[in-house]
Amino acid sequence: MDGREKLGLIAGNGRFPFLVLDAARAQGYDVVVAAIKEEASPEIASKGAASVHWLSLGELSKLIDTFKAEGVTRAVMAGQVKHKQIFSAIKPDWRLAKLLLSLGTRNTDSLLGAVAKVLGDEGIALESSTALLEPLLAKAGVLSKRAPSEEERKNIEYGRAVGRRLAEYDIGQTVVIAEAACVALEAMEGTDATIERAGQLMRSTEAGGSGGEDAGAGIGGGPSTLSRALTVVKIAKPKQDMRFDVPVIGVKTIETMMLAGASCLAVDAGRCLLLDGEATIHAADAAGIAVVAD
C-alpha cells in the first residue's frame, strides 16, 4: 500500500457499489470492499479495490473485525440489500442477534441506524455514499424531452402526498398511480417489483368482461374508460438518512416501466441517484416517458 487513506465499502447488489468504488478510487482512496455474499456481484472482485472480503448477511462481527484488521475508520454502504432477506436468508451472529432483539421495529431506518451506531462505537464512521456521487443526484426540473402532461402532474401531486405518508413509517419509497388512484405501494418487494405488480393489475382490468365482481370493467361488462397509463413516484423519506437506503433509479427502472405501461416518473431533486446518468434519460426519451425531479 502507498499510504493513501482507506475507505470501507459495504457492497450490496446492483451497480451502485461499482460507481462508489470507481469514484472513491478516482478521489484517491484505497477501497476495502466488504461484499455481501447474498447480494453483491462477483465482478466487484475485479474492479481495482485494494482488497475484497466476502461476508454473509448477518456477519456483523466479521465485518467489524475485517475493517479493523484493514485499518478502516471510515465506511460507506452502497447497493440494495432486499428487505425480505432480513427475515429469510439472514443468519445473525451474536452481535447482530443482540442488535435485532433490541429493536422496537425492524424497518430499514431502525436496523441500519443501529448497525451504524455499532460501527461507530467500534471506531468505524459510516458516512454518506452520495458525497462521492454528487453529479448523479437528480437535478430539479424536467429531465426528459417530454414534460409530464396535466393528468400526469395530478398523479404526481397525489402520489407525493401518499408517498410522504408511506415513507414516514419507513415502509417503502415508491407509489404507482393511475387516474389519481393508488394502484400499488412499495413494501418489502422493492421498486421494480412494485412497478411490475402495478402493470399486472392494469392488464387484469383490460379484458373487461367476464362480468364477475373482479372483472374491473365498466357498467355492463364493457371496457373501463379509465386511463391505463401509470405514473411512478419515488420519494425520499421526510428525514432521509443519506448514509443508506437512498432512492435510486436507473435504466432498469425505465425498462420495468415500459413493460408495465408507465408513462411518467417523478423523483425528489437532490435526494435520488440516477445510477446510469444520461443513459437513464436517453432510455426514457426513447420510450416517451416523462421524468421530472421536484
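Every value quoted in this text rests on a predicted model; they were computed, and no experiment measured them. (Residues numbered from 1 in each chain as written. Predicted model: local features only at pLDDT ≥ 70, side-chain atom pairs only at ≥ 80, totals over all residues. Heavy atoms only, no water.)

Undergrad: Break down the pattern of salt bridges for me, with residues and values.
TA: Applying the stated criterion across every chain yields a total of 19 salt bridges. Arg-15 is the salt-bridge partner of Asp-276, the closest N and O atoms lying 2.3 Å from each other. In this pair, Asp-276 is assigned in the loop between strand E12 (273-274) and helix H8 (278-287) and Arg-15 in the loop between strand E1 (6-11) and helix H1 (16-26), connecting sequence segments 261 residues apart. Note on Asp-276: relative accessible area 22%, which makes it partly exposed. Given the relative accessible area of 42%, Arg-15 is considered partly exposed. Connected through salt bridges with shared partners, the residues Arg-153, Arg-160, Arg-164, Asp-268, Arg-271 and Asp-294 form a single ionic network. (Salt bridge = Lys/Arg side-chain N within 4 Å of Asp/Glu carboxyl O. Helix = DSSP H or I, 4+ residues; strand = E, 2+ residues; numbered from the N terminus. Buried < 20%, exposed > 50% of the residue type's maximum accessible area, 1.4 Å probe, protein only.)

Undergrad: Tell me about helix H5 (residues 150-168), and name the residues and values.
TA: An α-helical turn contains 3.6 residues, so a residue and the one three or four places further along point in the same direction. Between its terminal C-alpha atoms H5 stretches 27 Å, which fits the 27 Å expected from 19 residues at 1.5 Å a residue. By the burial criterion, the buried members of H5 are Glu-152, Asn-155, Ile-156, Gly-159, Arg-160, Val-162, Gly-163, Leu-166 and Ala-167. Elements that come into contact with the buried residues of H5 comprise strand E7 (174-178), strand E8 (181-185), strand E9 (230-234), strand E11 (262-267) and strand E13 (290-293). Positioned one or two residues after H5, Asp-170 has a phi angle of 55°, which is positive. (Expected span 1.5 Å × (residues − 1). Contact = heavy atoms within 4.5 Å.)

Undergrad: Explain the sheet that holds E11 to me, and be specific about the residues and the numbers.
TA: What the six strands build is an open sheet, ordered E6-E13-E11-E9-E7-E8; its pairing is mixed. Each of the sheet's edge strands pairs with one partner strand only, and the pair in question is strand E6 (141-142) and E8. Strand direction decides the pairing type here: E11 and E13, joined by four bridges, are parallel. Following the sheet pairing, Cys-264 is matched in E13 by Ala-290. (Pairing = 2+ DSSP bridges.)

Undergrad: Please provide a residue-by-residue account of the pairing of strand E4 (residues 74-78), values included.
TA: The buried fraction of E4 amounts to four of the five residues, a majority that puts the element mostly inside the structure. In this sheet, E4 lies alongside E1 in parallel orientation, the contact comprising four bridges. Its bridge partner being in E4, Leu-9 is matched across the sheet by Val-76. Note that E4 and strand E5 (residues 125-127) share three bridges and pair parallel. Paired with Val-76 across the bridge in E5 is Glu-127.

Undergrad: Please give an account of the pairing of E11 that cites residues and values.
TA: Counting buried positions over the six residues of E11 gives six, a clear majority of the element. In this sheet, E11 lies alongside E9 in parallel orientation, the contact comprising five bridges. Of the residues in E11, the one forming a bridge with Leu-230 is Ala-262.

Undergrad: Requested: an account of the packing of helix H7 (residues 251-260) against H8, with residues and values cited.
TA: Axes are the key here: two packed helices are described by the angle between their axes and the distance separating the axes. Here H7 crosses H8 at 20°, and the two axes come no closer than 8 Å. Relative to H8, the element H7 lies roughly parallel. Of the two elements, H7 crosses H8, and the hand of that crossing is right-handed. Along its contact with H7, which presents Val-251, Ile-254 and Met-258, the element H8 presents Ala-279, Thr-280, Ala-283, Ala-284 and Ala-287. Counted by class, the contact of H7 with H8 contains seven nonpolar, one polar and no charged residues. (Axes fitted to C-alpha atoms, helices over the stretch in contact; angles between N-to-C directions. Parallel < 35°, antiparallel > 145°, perpendicular 65-115°, else oblique. Left-handed = near helix turned anticlockwise from the far one by under 90°. Nonpolar A, V, L, I, M, F, W, Y, C, P; charged D, E, K, R; others polar.)

Undergrad: Would you mind going over H7 in detail, with residue names and values included?
TA: Listing the buried residues of H7 in full gives Thr-253, Ile-254, Thr-256, Met-257 and Ala-260. In a view along the axis of H7, the buried residues occupy a sector of 160°, so they form one face of it. If you follow the buried residues of H7, they end up packed against helix H6 (191-204), E9, strand E10 (248-249), E11 and H8. Immediately downstream of H7, the backbone of Gly-261 shows phi near 85°, a positive value. (Arc of directions from axis to C-beta.)

Undergrad: Mind laying out the sheet that holds E4, listing which residues take part and the relevant values?
TA: What links the strands of a sheet is backbone hydrogen bonding, and the strands pair in either a parallel or an antiparallel sense. Read across the sheet, five strands follow the order E3-E2-E1-E4-E5 without closing on themselves; strand pairing throughout is parallel. Looking at the sheet topology across the chains shown, the edges are occupied by strand E3 (51-55) and E5. In this sheet, adjacent strand axes meet at a mean angle of 25° when their direction is disregarded. Across the face of the sheet, helix H2 (residues 60-70) comes into contact with E1, strand E2 (30-36), E3 and E4 while running at roughly 165° to E3.

Undergrad: Before we move on, could you go through unusual backbone geometry and cite the residues and values that matter?
TA: Look at Asp-170: it is not a glycine, yet its phi comes out positive at around 55°. Relative to the helices and strands, Asp-170 is located in the loop between H5 and E7. Overall, Asp-170 belongs to the buried group, its relative accessible area being 8%. With phi around 55°, Ala-180 is a residue other than glycine that occupies positive phi space. Looking at the element boundaries, Ala-180 is found in the loop between E7 and E8. By relative accessible area, Ala-180 is classed as partly exposed at 40%.

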